[in-house]
Amino acid sequence: MKRFIRRWVFLAFIPVTLIGLNKLEGSERFEVDAMFSSDVATLGRTTKYRISIKKTDPSSSLRLESPSKVEVPQRSSFTIGRFQTSDQYSSSESDQAVGILLEYELVPKVVGRLIVPAFQLDYMGDTLWVPAVAVEVRSPDFDMESEELRWMYIELGLDQKNLRLGERVKTEINLYVFDGLKNVNYTKPQAIGSDFSLDNIVPGPTERWVTEGLFRYRRYSWPLTITPIRKGKISISFKVTVDFRIPNDRLGFIRASRNEGANSALAIERLLEDSSEESLTLFTDNISIEVNPLTDGEQPIDFYNAIGNFKISADLETRRLEVGNPTNLTLTISGAGNHGSYRAPELDFGSRWRVFNPQEEFENKDYLSFLGETVYRYVVIPLSAEIEKFPEISYSYFSLDDDEFIQEVIEPIPLEILGDSITADNDLETEILAPARVVTEETDLKDLLAWTIGAKQRLNAPFFERAWFYLVNVLGLAVFGMLLFFRLRVLRIRKVPELALRLKSKAWLKKYLKLAEKASKTEDSEQFYESVFLAFCSLISNYDSNVEAISVFEVKKRVRVLELNENIKRVISSYLDQYEAHRFSGKRPDDPPLKNEYSRLNSIVRQIEGALRKEAA
């Protein structure tokens, strides 16, 4: 009888445990955080206390509700005033809120450390746990946010209010830090949002001292280039996190900094002996930009996405040629603009010439790839003795100074051709990139589990000695183990941001590969090459947690350093060029058999993943 009771108690324990496990960490639908608008508040002055409720899965279709006023636990150390709510979005393109922000006006009534305690919040049928949050309250004679002194701030030097789609523009981020603060460490500026791409930024900032009013600041400047990647109104902003050491007697530190001379320097050094470590995340103002297309009409057929102000020149290695012998044609594009984003001109001189794809070299003139020179080296072979001149070459770019397309024409070059005419045939070797063969393996899984019931079990044996009893227990333990494994995995993802990023990137990669497969079946080349580009972006972001917006130029630059076959790199570059041609010039991509291209894409993705793992190791 005792054994009977123990067995059934064990079976009853399994569902109870599963229910309890499901309640760990509260609701799985929402994430909750609490914060103050500033690290320091002033006695008797209003500050902002905020509660953020976000969906755990931003892509879910769950519609958020704006709650009525939520009662915050009252304390004698503060009073709660006006309450309001607002929606939170993942980007300016999103039309569905991913979170709700509850904001209260809070007035501190004591000097020192003020704590708003943790409390429970009922929201959309779930009970959420709002964490405790603290703020340092100072007396009115010291205000960290006063107009007289700002410890540090950042500015984005971007004056343009209108840009062209695909236009690369130079700007600068300036970080101002009050001179005298010690142990100052800062992060590289990070772009906020997905409306633009951060193309290039110098590795380290320049530093100089500037004076503002009675105080001196150290100014750190990062030159950079950005490119808008969608039409319409966009928002541009950046953030920088700064760690520093500051005296605890901050009012005395300010007074000592106002004076000059040895006494002031000694006073500052003495004050720094009693100091604390601080950290601030600074944000530039949101700059609103209107992005317009290059033109409302048709674009020139010889436009290859060059946007800026350029000069084009060409040089033939020799003017005396022999039929069938190759020579070099050098085409140079120099100036200021979107270097790395435009393509080489497609030269087609008919049946009298054979032209091979060019080799590309770029020389950077300003460390930002904004000023520079791109050199394309073509190998050309004359096939006819009747040729008298090298054909005319035309290349159009969109001039930002003239606000129109400019066509550069290289006039025909007189030639002397020796030998007899030939025709293009198989004797001249042409490089062909064959579609990668996809190998699949199928493994039949059968006879993995077989039950043998002995003679004793076919008799009237106790139920706990029968096969079905053990089957129920084993299956219950298996379900319990799986749920425990997934719960621990969710908790680990929340604690390890890098793991969450890696899994999210893999999910996006899977999504875009499915879209590419669907497009290959319907022969939709525009959707196919766009999905290919986004798949490559997902692969790269999997190994770089700082990537918030990736351009075609960055993908090419990243692929260039991977240990991949050169043929594979050329195929990847071809895919990106097809995508870019349609996005920025409106040119419809080529229409090869997309089913074969999709098979090749899967092979390339596996090779890139292998190269990234090898690089990470």
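Whatever comes next refers back to the structure up there.
Residues numbered from 1 in each chain as written. Predicted model: local features only at pLDDT ≥ 70, side-chain atom pairs only at ≥ 80, totals over all residues. Heavy atoms only, no water.

So, the packing of helix α6 (residues 525–541) against helix α7 (residues 552–560)
Two numbers describe how α6 lies on α7: the axes approach to 10 Å, and their chain directions differ by 60°. Classified by the angle between their axes, α6 and α7 sit oblique to one another. Two packed elements cross with a definite hand, and for α6 against α7 that hand is left-handed. Residues Phe533, Phe536, Cys537 and Ile540 of α6 touch α7, and the partners they reach there are Val552, Val555 and Arg558. Split by residue class, the contact of α6 with α7 holds six nonpolar, no polar and one charged. (Axes fitted to C-alpha atoms, helices over the stretch in contact; angles between N-to-C directions. Helix = DSSP H or I, 4+ residues; strand = E, 2+ residues; numbered from the N terminus. Parallel < 35°, antiparallel > 145°, perpendicular 65-115°, else oblique. Left-handed = near helix turned anticlockwise from the far one by under 90°. Contact = heavy atoms within 4.5 Å. Nonpolar A, V, L, I, M, F, W, Y, C, P; charged D, E, K, R; others polar.)

Digging into the sheet that holds strand β4 (residues 78–88)
Ordered in space as β1-β3-β5-β4, the four strands form an open sheet in which the pairing is antiparallel. The outermost strands of the open sheet, each flanked by one partner alone, are β1 (30–36) and β4. Adjacent strand axes in the sheet meet at a mean angle of 15° when their direction is disregarded. Relative to strand β3 (residues 47–55), β1 runs antiparallel, the two sharing seven bridges. When the bridges of β3 are listed, Asp33 appears paired with Ser52. (Pairing = 2+ DSSP bridges.)

Describing α6
Spanning 17 residues, α6 covers 24 Å between terminal C-alpha atoms, matching the ideal 24 Å at 1.5 Å per step. The element α6 is extensively covered by neighbouring structure, given that 13 of its 17 residues are classed as buried. (Expected span 1.5 Å × (residues − 1). Buried < 20%, exposed > 50% of the residue type's maximum accessible area, 1.4 Å probe, protein only.)

A few points about the pattern of salt bridges
Counting across every chain of the model gives 19 salt bridges. Across the salt bridge formed by Arg352 and Glu386, the nearest N and O atoms sit 3.3 Å from each other. Of this pair, Arg352 sits in the loop between β23 (327–337) and β24 (353–355) while Glu386 sits in the loop between β26 (371–382) and β27 (389–390); the two residues are 34 residues apart in sequence, bridging distant segments of the chain. Judged by its relative accessible area of 37%, Arg352 falls in the partly exposed class. Among the ionic pairs, Lys365 bridges to Glu363, the shortest N-O distance being 3.3 Å. Through salt bridges with shared partners, a single network forms among Lys48, Arg50, Arg82, Glu103 and Glu105. (Salt bridge = Lys/Arg side-chain N within 4 Å of Asp/Glu carboxyl O.)

Any functional reading would require information beyond the geometric quantities listed.
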